[in-house]
Amino acid sequence: MAALTAWGALAAQPVNAAPAETHPRLSVVPACGAPTDGRMSCLALVRADVAPQQGILKSAAPAGLGPADLQHAYGLPAATRGSGQTVAIVVAFDNPRAEADLATYRAQYRLPPCTTANGCLRKVDQNGGTRLPAADVGWGEEAALDLDMVSAACPNCRILLVEASEPDMEALGAGVNTAARLGARYISNSYGGREDASSARYDAAYFTHPGVAITAASGDSGYGTMYPATSPRVTAVGGTALRRSGEPRGWTEVAWSGAGSGCSAFTAKPGRQRDTGCERRTITDVSAVADPATGVAVYDTYGVGGWLVVGGTSASAPIIAAAYALAGPPPANSDPASFPYGRASALHDVTSGSNGSCTPEYLCTAGPGYDGPTGLGTPNGVTAFQAG
């Protein structure tokens, strides 16, 4: 998997991330290369038009949404919940600066320290050991994004970072199994690849963990599906553009034009889904901010310059995993992916925006109730992520 080697490489490769109605010709760069047969790609999108800065910033806050923004926009009870809960992050390759950079992020926003020394942070290989894989700048950006988003949404949560040896489903899936075996009840997966007939085998081998909330990013290329988001065993997380407004909530959201959505070609429809325009599994289930134009602040110094603004459904997946953690442990043998379907009224319904053209229209265009790009909606507190 090709990796970016410096901020200069990022800036030299701008691409247009989404149609003009969301952010005209925004210059962003995917942290990882495109997925290929048998290989997964991380789904972080880095703003190439924002110059990075290093260290604690005192004169002005970092560019991008910070923890207070996300907690306010989504009504997250971050100050009072999450203690004792472990959110796992599964990525490929190593980020050797992960702990140090996480310390800077949390210090910048006055979040409690999360280190290996105090037991809050643990980093393991895909088998749960200490033989960490080779380092990679692109996947390192993914790890930094995920660590920062879990910290932002659930500052009191413990974090388990599982680093797989390769960006394929076998290695990453082994990481998912390790996370569950080590006790994580919430597992975030911010990567995706081509959906194929292997899906059922992967579902059985890696995503069958009753009582564990597993999230998967829906993709950053607009209308279309990716695996593992199409797995019926995961909560598929789509994306929005999140902006401050004068409305009572203080924020407005529309479907992000880059968010993945659609109808699976291989996976049967899970019983929790009632939409009638797709005979098989529909993605997504829920969503959170992912548009790079309204992206989140991330701190990463492994091969890049420090403070970045990052988007992609790689940002929304760990936010939702953290929301599950704030809601509390799922009952044993439960299906946490079904929880939001029983409490859809406890979500912010996103009713406008599109990620492409399709038939039926709801698979690619947001509207009242369920739709493809945003699912049932975005967090409005954590009630929707509780059993019941």
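About the thresholds
- Residues numbered from 1 in each chain as written.
- Predicted model: local features only at pLDDT ≥ 70, side-chain atom pairs only at ≥ 80, totals over all residues.
- Heavy atoms only, no water.
- Salt bridge = Lys/Arg side-chain N within 4 Å of Asp/Glu carboxyl O.
- Helix = DSSP H or I, 4+ residues; strand = E, 2+ residues; numbered from the N terminus.
- Buried < 20%, exposed > 50% of the residue type's maximum accessible area, 1.4 Å probe, protein only.
- Polar contact = N/O pair within 3.5 Å; in protein donor to acceptor, adjacent residues only side chain to side chain.
- Contact = heavy atoms within 4.5 Å.
- pLDDT = per-residue confidence, 0-100.
- Expected span 1.5 Å × (residues − 1).
- Arc of directions from axis to C-beta.
- Disulfide = S-S within 2.5 Å.

Undergrad: Please provide a residue-by-residue account of the pattern of salt bridges, values included.
TA: For side chains bearing opposite charge, pairing can occur when the charged atoms are close. Applying the stated rule across the entire model yields 10 salt bridges. The salt bridge involving lysine 123 is made with aspartate 94; its shortest N-O contact spans 3.0 Å. Here the residue lysine 123 occupies a position in strand β6 (residues 121-125), and aspartate 94 occupies one in the loop between β5 (86-92) and α3 (98-108), the gap between them amounting to 29 residues. Assessed through its relative accessible area of 25%, lysine 123 is described here as partly exposed. The exposure class of aspartate 94 is buried, given its relative accessible area of 10%. Three or more residues joined by partner-sharing salt bridges are found here, namely Arg272, Arg281, Asp285 and Asp335.

Undergrad: Which residues make up the side chain of glutamate 253, and what are the values?
TA: Inspection of the secondary structure puts glutamate 253 in strand β12 (residues 251-255). Within the structure, the side chain of glutamate 253 is placed 2.7 Å from the side chain of threonine 378, a separation counted as a polar contact. In contact with glutamate 253, not counting residues within four places along its chain, are Tyr74, Thr240, Ala241, Leu242, Val289, His348, Val350 and Thr378.

Undergrad: Please provide a residue-by-residue account of the confidence of the model for the chain, values included.
TA: Considering every residue of the chain, the mean pLDDT works out to 93; 94% of them sit at 70 or more. Predicted confidence is poor over residues 1-23, with pLDDT under 50, and the contacts of this stretch with residues over four places away or in other chains come to 69 contacts.

Undergrad: Can you explain helix α7 (residues 313-327)? Please cite residues and give values.
TA: Its 15 residues give α7 an end-to-end C-alpha distance of 21 Å, which sits within 8% of 21 Å, the value for a rise of 1.5 Å per residue. In the stretch just after α7, glycine 328 is the one whose phi turns positive, near 105°.

Undergrad: Could you give an account of helix α6 (residues 199-206), naming the residues involved and the relevant values?
TA: Within α6, burial applies to Ser199, Tyr202, Asp203 and Tyr206. For α6, the angular spread of buried residues about the axis comes to 105°, placing them on one side. Set apart from the buried face of α6 by more than 90 degrees, the exposed residues are Ala200 and Ala204. On its buried side, α6 packs onto α5 (169-181) and β13 (262-268).

Undergrad: Could you give an account of the state of the cysteines, naming the residues involved and the relevant values?
TA: Using the criterion set out here, one finds five disulfides in the structure. In this model cysteine 154 forms its disulfide with cysteine 157; the gap between the sulfur atoms is 2.1 Å. Measuring handedness by torsion sign, the sulfur bridge of cysteine 154 and cysteine 157 sits at about 70° and is right-handed. Taking relative accessible area as the criterion, cysteine 154 reaches 1% and is therefore assigned buried. By relative accessible area, cysteine 157 is classed as buried at 1%. Sulfur-sulfur distance for the disulfide between cysteine 358 and cysteine 364 comes to 2.2 Å. Residues cysteine 358 and cysteine 364 are joined through a disulfide that is left-handed, its torsion about the S-S bond being -100°. A residue is classified by how much of its surface remains accessible, and cysteine 364, at 1% relative accessible area, is buried. Cysteines bonded in the chain are numbered consecutively along the chain; their disulfide partners then correspond to 1-2, 3-4, 5-6, 7-8, 9-10.

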